[in-house]
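Report on the structure
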Amino acid sequence: MNLYAFLKAQAALSLSTFLKTSLIVFMAVMTSAPVMVRYLERYDMEFLARTVSYIGYIWMGGLILFFSMALCLDSYRALVYLISRAGRADMSALTLTAGTSFYVPLIFAFIAGTYGFFEAGNIRVEELTIKTSKIPQENNPLRIVQISDVHVGLIVRGERLKRIAERVKGVSPDIVVSTGDLVDGQINKIEGLAEILSEIKPRFGKYAVTGNHEYYAGLDQALDFTRKAGFALLRGEAVRVAGVSIAGVDDATGKQYGRFNGASEKELLSGLDPVQFRILLKHRPRVNDLAPGLFDLQLSGHTHRGQIFPFSLITKRYFPNHSGYIRLPDASHLYVSRGSGTWGPPIRFLSPPEVTVISLVHEGE
């Protein structure tokens, strides 16, 4: 994408040798920014690591937006060219200049990126109501709040984390669950951030599962942060609380690291009481072929619904259960969160962050 953007700029602007060299060096630095951040953190250069992280990831987000629009315009230009060649017609009036096909994506990337930057901090509260006879009357309705993919680290820190926590506390949850990626891949300096989440005190507790980023960050350090934030970790195990069963499984990344814990998903769910409402916490929104009917509600995240459109078109191919509420066979349900934070670019375009409120209501109410 950097090369593509460079060639577009060169064609539109006729860059001098100095400017070309400067742009190449800048793009090379931006490409290597994630690696640079790792090394800067390792040597306790926290401020510099955060600065490089912000610049590098904002560039990445803007580049994705520029690339997407430029590719659309170049596809149009190619189509006009092919039609003119095939029909031997003069279509110069419909042809875009090199300047237009550079400046339009550049302006689009700036406007969409700026909007997406502020959108990333605009946390929506999504509400879902499920009626079931399995909820005891004394806990009716039962309000479960889901956060997912917060990615606490270099970018999602104090103020953004406080906004997420305030949204959660504002809906008076009975139970809070985190469906993975509570932390990001860089968590060397996050002292004091767990305390922001620990202030959330629902009456029936907080429960969490691992996502892939817990393993990238260092599993032991990530689990320690999660516990300090007040979450009980469910790693291939289940708890019974408020008349419901909550089961959690490790993310599949744990198998690659040799740190996958607990029973298999089918074995875990088979041991749950079918009379109780059964909730499965699982980071990735993949439904085990043997699992429908063994749980009532699966809560997942991971996809971010692409985070920056049109990246969502790619993530949807890998995860058809992409976001939102999905009915499954055997009276099972799936809800996939768009995520509460951001990974990489602090930008969300057409995929706002969310805190999800799932109200379990006794059927007939």
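Scope of this entry: the structure provided in the associated data block.

Here is what the cut-offs are and how they apply
- Residues numbered from 1 in each chain as written.
- Predicted model: local features only at pLDDT ≥ 70, side-chain atom pairs only at ≥ 80, totals over all residues.
- Heavy atoms only, no water.
- Phe/Tyr/Trp six-rings, centres within 6.5 Å; stacked < 30°, edge-to-face > 60°.
- Helix = DSSP H or I, 4+ residues; strand = E, 2+ residues; numbered from the N terminus.
- Buried < 20%, exposed > 50% of the residue type's maximum accessible area, 1.4 Å probe, protein only.
- Pairing = 2+ DSSP bridges.
- Core = buried A, V, L, I, M, F, W, Y, C linked by side-chain atoms within 4.5 Å.
- Contact = heavy atoms within 4.5 Å.
- Axes fitted to C-alpha atoms, helices over the stretch in contact; angles between N-to-C directions.

Let us now look at the packing of aromatic side chains. Aromatic ring pairs are defined here through the distance separating the ring centres and the angle between the ring planes. What the rule picks out here adds up to 9 aromatic pairs. Measuring from centroid to centroid gives 5.1 Å for Tyr4 and Phe67, while their planes differ by 75°, and the two rings are edge-to-face. Note that Tyr4 is positioned in helix 1 (residues 2-13) and Phe67 in helix 4 (residues 46-87), a separation of 63 residues in sequence. By relative accessible area, which is 24% here, Phe67 ends up partly exposed. Ring geometry for Phe117 versus Phe118: centroids 5.6 Å apart, planes at 90°, classification edge-to-face.

What follows is about the pairing of strand 10 (residues 324-327). As defined by bridge partners, strand 10 adjoins strand 11 (residues 333-336) across 4 bridges and the pair is classed as antiparallel. In the sheet register, Gly324 faces strand 11, and the bridge partner there is Val336. The turn linking strand 10 back onto strand 11 is made up of 5 residues, and Asp330 within it adopts a positive phi angle of 60°.

Counting 33 residues, the largest nonpolar core has Ile147, Val150 and Phe225 as the members making the most contacts within it. Contributions of two or more residues to this core are made by strand 2 (142-147), helix 6 (158-170), helix 7 (194-198), helix 8 (212-217), helix 9 (219-228) and strand 12 (354-362). Non-local contacts of Phe225, meaning those with residues more than four positions away in its chain, are made with Val152, Leu182, Val183, Ile190, Leu193, Ala194 and Leu197. Core analysis: the next-biggest nonpolar cluster, separate from the first, contains 22 residues, Ile175, Phe277, Tyr335 and Leu360 among them.

A word on the sheet that holds strand 9 (residues 297-300). Pairing within the open sheet is mixed, and its 6 strands lie in the order 6-7-8-9-11-10. The outermost strands of the open sheet, each flanked by one partner alone, are strand 6 (237-241) and strand 10. Pairs of neighbouring strands in the sheet enclose a mean axial angle of 20°, with direction left out of account.

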